[in-house]
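# Chains, contacts and geometry: an overview
Now for the letters of each chain:
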Amino acid sequence: MQESRFTVFLRQLQSDLKGFVWFNVLFFLFRIAFILLFGSQLVQGLFTADTAAALWIGMRMSLKTAGAIMLIGAVLSTIPKLFFRKWKADTIRYYWYALCNFVFTVLFFARIPYYKIFNSGYNLMLINGKNDDIKAIILTAVQEYGLLWRLPLALLLAAILCVLLKRWLRTPTHAFVTHSRKETLGKSVLILAGITLFWVFVRFGGSFGYTHSVNWENASRLRSNLLNEAVLDDGQALYRVHSMHKRMKKTTEVTFTAEELRKKIAATGGNPEAATIDEAYRHTVNEEKMKTQPRHVVLVLGESYAQWPLLPQFDSVGTYLAEKGRKFAASPQAMETQYMLAHGTGTMPAVNGFVSGLPDTGIYLNYEKESYEETYGAGIGSVMKQLGYKTIFWYGGFGAWQNVENFVRAQQFDEFRDASSFTGEKGGNAWGVPDKVLFDNAANYIKQHTNEKIFHLILTTTNHPPYTIDLKAAGFDSERVQKNLPDTIPTDANTLNELGHIWYADHVMGEFVEETEKAVPDSLFVITGDHGERFSFAKEMDLQTLASIPCIFYGKGIDPAWLPEKQFGSALQVAPTLAVLVGRKGDTYSSLVPDLLQKQDFVFNHQLWGDATGIHEQNVSETDHNPAKKAMTAANRKQIEQLRQIAAWRILKGNRIK
């Protein structure tokens, strides 16, 4: 006897619910495994109320992911089965669930090294990664992050899970039979009502309304970054990437008029009557800070040159790892910010920021048509050219990477020199040559052009996986470091190797500065990094330790008193600060933000903001009750939004206000 549609539907619904239960349990187990893997970072230990809260909130979050998987499975199997009795619903459902099994297992295995690198689950760096050197990324994954064993292990586990999944789906279902049309109708109404309530409950993450719902934006309720990241399963983390990228694109959509643009310019300190954006933010040098204008100005943009080794709490090991950086910062002819926000969490966002002088908008300027047709007046190349300097971009990698050579040449850099043009023994890896080779070539060039006015931007590569420098040959004292490691830093061999590369990057940079200073005593150096956030600590750390970069202005004629006490800043402020330091009275330059010599209330970058109390996340709302987080004022949030919109106009529509 053929089963009724009512009976068929309820049988299929039970199979769908089995899938829902399966993926909720799978995500729960992955969440526990993730917390256990990194549990040593938790200052209060594993077995706390916060850990229990993370598991509870995470379970509620995963209702959404499992519900989405179940819904797609039902559309592919249950619904067609109601109309086509021969439809192989169970087979189709199994293959769909098996595919999801494989995808989420691989995502979980990949999340482990991803978290080690970025101190985060999947985030906006995925958007940056799609434009990166895929071959170099794969090579790094193989050499540094165990791709050749992680991937097979993930696939093996996924295969085992699929066997268990098949057995689970084959468990008996109950046949619901009705004996009259009235009974069928009545039970159908009840079932539809139950299904509606179920989907509302799933949609709001274990709640029946938005007020008490859980989503990726309000899920970060705990003091621990690790636990907050554990809350999001990989499906929700990827949804976070999608949402943030979509929101960023929407924020920078140019749907406003020229008149509205002028209002935004006025609100952010610009001249609304100017004909162009560059003119609107034109500034004039009124006082000559450095009595003798330096001939060579060198900005060292160090790969992953983070601030933490220079901080007092890491004196035990930092005095060696960042010996040169600390030496220059402590000099009476140096000034240093207490912290600085990078342009972004990647190298190319940093390059885009320095070369354009524009705040991060999520738009990759190095691929935008406007970047090759018109000069960004606030870009550091343009600023230094206006001040009479020849401009050279030095890169330890290769110019084809992210189209960086064409991009910087189009933005007022007279020369571009990369690994392919360097002399001497090179070595290195897929990302470029050792920093010493880069600095030796730059130093030799400066010695040959001592009497010229030249601005050098030197972008390094070595402090980046795969970590392939021969540290012993370079002089790294690993025993000294190991003996002095605080309990906040892991003691394993991989970490020690990474620390050695931090030392190497600082050491060869310092030797270059010292050598150049001897050759051209009036040189001015700016020492900073492209980003922090890449070193994995044994314990969870504050945002300054994790994300800040140093900013040191060092050279003959620098007076540390010029910098306000406990000054903080953003990388956008380096170019206008250089203009104020080396410019002559009457010189002009463009900048959307003030220079560092001025007292300020707050700074920002792509996702963080800072004030005198420290560094904070931008996505914290005023209703967030987490005592470890601080929300910015509505006025500051509005200013960031307006500056990004102005930058978007400049990138997408050009310089003219019309």
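Scroll up to find the structure.
To keep things clear, this report deals only with the structure shown in the data block. (Residues numbered from 1 in each chain as written. Predicted model: local features only at pLDDT ≥ 70, side-chain atom pairs only at ≥ 80, totals over all residues. Heavy atoms only, no water.)

### Looking at the packing of helix H4 (residues 89-118) against helix H7 (residues 147-169)
Each pair of packed helices can be summarised by the angle the axes make with each other and by the distance between the axes. Quick reminder of the rule: Lines fitted to C-alpha atoms define the axes, with helix axes restricted to the stretch in contact, and inter-axis angles between N-to-C directions lie between 0 and 180 degrees. By definition, any uninterrupted DSSP run of H or I lasting at least four residues is a helix, any uninterrupted run of E lasting at least two residues is a strand, and each is numbered from the N terminus. Crossings are sorted by hand: turned counterclockwise from the far helix by less than a right angle, the near helix makes the crossing left-handed, and turned clockwise it makes it right-handed. Any residue outside Ala, Val, Leu, Ile, Met, Phe, Trp, Tyr, Cys, Pro, Asp, Glu, Lys and Arg is labelled polar, Gly included; the first ten of those are nonpolar and the last four are charged.
Where H4 contacts H7, the axes come no closer than 9 Å and their chain directions differ by 145 degrees. Like other packed secondary-structure pairs, H4 and H7 cross with a definite hand, here right-handed. Residue classes in the contact of H4 with H7 are distributed as 19 nonpolar, two polar and three charged.

### Side note on the sheet that holds strand S3 (residues 334-336)
Put simply, the rule reads: Two strands qualify as a pair provided that DSSP identifies no fewer than 2 bridges between them. Only heavy atoms enter the contact rule, under which two residues are in contact if any of them lie within 4.5 Å.
The strand order across the open sheet built from seven strands is S3-S9-S8-S2-S7-S5-S6, with neighbouring strands paired in mixed fashion. Edge positions in the sheet fall to S3 and strand S6 (415-417), since each has one partner strand and no second. For this sheet, the mean angle separating the axes of adjacent strands, direction not counted, is 15 degrees. As paired strands, strand S8 (residues 524-529) and strand S9 (residues 551-555) are joined by five bridges and run antiparallel to one another. Bridging from a neighbouring strand, Val526 pairs with Phe553 of S9. This element, helix H14 (residues 323-330), spans S3, S8 and S9 of the sheet and lies at about 65 degrees to S9.

### Here's the deal with the nonpolar core
For soluble globular proteins, the rule of thumb is that nonpolar side chains tend to be buried together. In plain terms, the rule: The criterion is simple. A nonpolar core is a set of buried Ala, Val, Leu, Ile, Met, Phe, Trp, Tyr and Cys residues joined through side-chain atoms within 4.5 Å. Only protein chains enter the calculation, and the probe is 1.4 Å; a residue is then buried if its accessible area is under 20% of its type maximum, exposed if over 50%, and partly exposed in between.
With 75 residues, the main nonpolar core has Ile380, Met384, Phe393, Phe455, Leu457 and Leu578 as its most contacted residues. If we ignore the near neighbours within four places in the chain, the residues touching Leu457 are Leu299, Leu301, Phe354, Ile380, Ile392, Phe393, Trp394 and Phe413.

### Some details on the side chain of Thr391
Under the convention used in this document: Contacts described as polar in this section are N or O atom pairs within 3.5 Å, which, within protein, must combine one atom able to donate a hydrogen with one able to accept it, while residues neighboring in sequence count only if both atoms come from side chains.
Tracing the backbone shows Thr391 in strand S5 (residues 390-395). In this structure Thr391 comes out as buried when scored by relative accessible area, which is 0%. Of the polar contacts made by the side chain of Thr391, one reaches the backbone oxygen of Gln412; its length is 2.6 Å.

### Side note on the packing of H14 against helix H21 (residues 493-519)
As a reminder, the rule being used: When an angle is under 35 degrees it counts as roughly parallel; over 145 it counts as roughly antiparallel; between 65 and 115 it counts as roughly perpendicular; any other value is oblique.
For the pair H14 and H21, the least separation of the axes is 7 Å and the interaxial angle reads 45 degrees. Of the possible angle classes, the one that applies to H14 and H21 is oblique. Taking contact as the criterion, the partners of Glu323, Lys324, Gly325, Lys327 and Phe328 in H14 are, on H21, Asp506, His507, Met509, Gly510, Glu511, Val513 and Glu514. Here the contact of H14 with H21 is composed, by residue class, of three nonpolar, three polar and six charged.

Interpretation note: all reported values are geometric properties and have no functional meaning in isolation.
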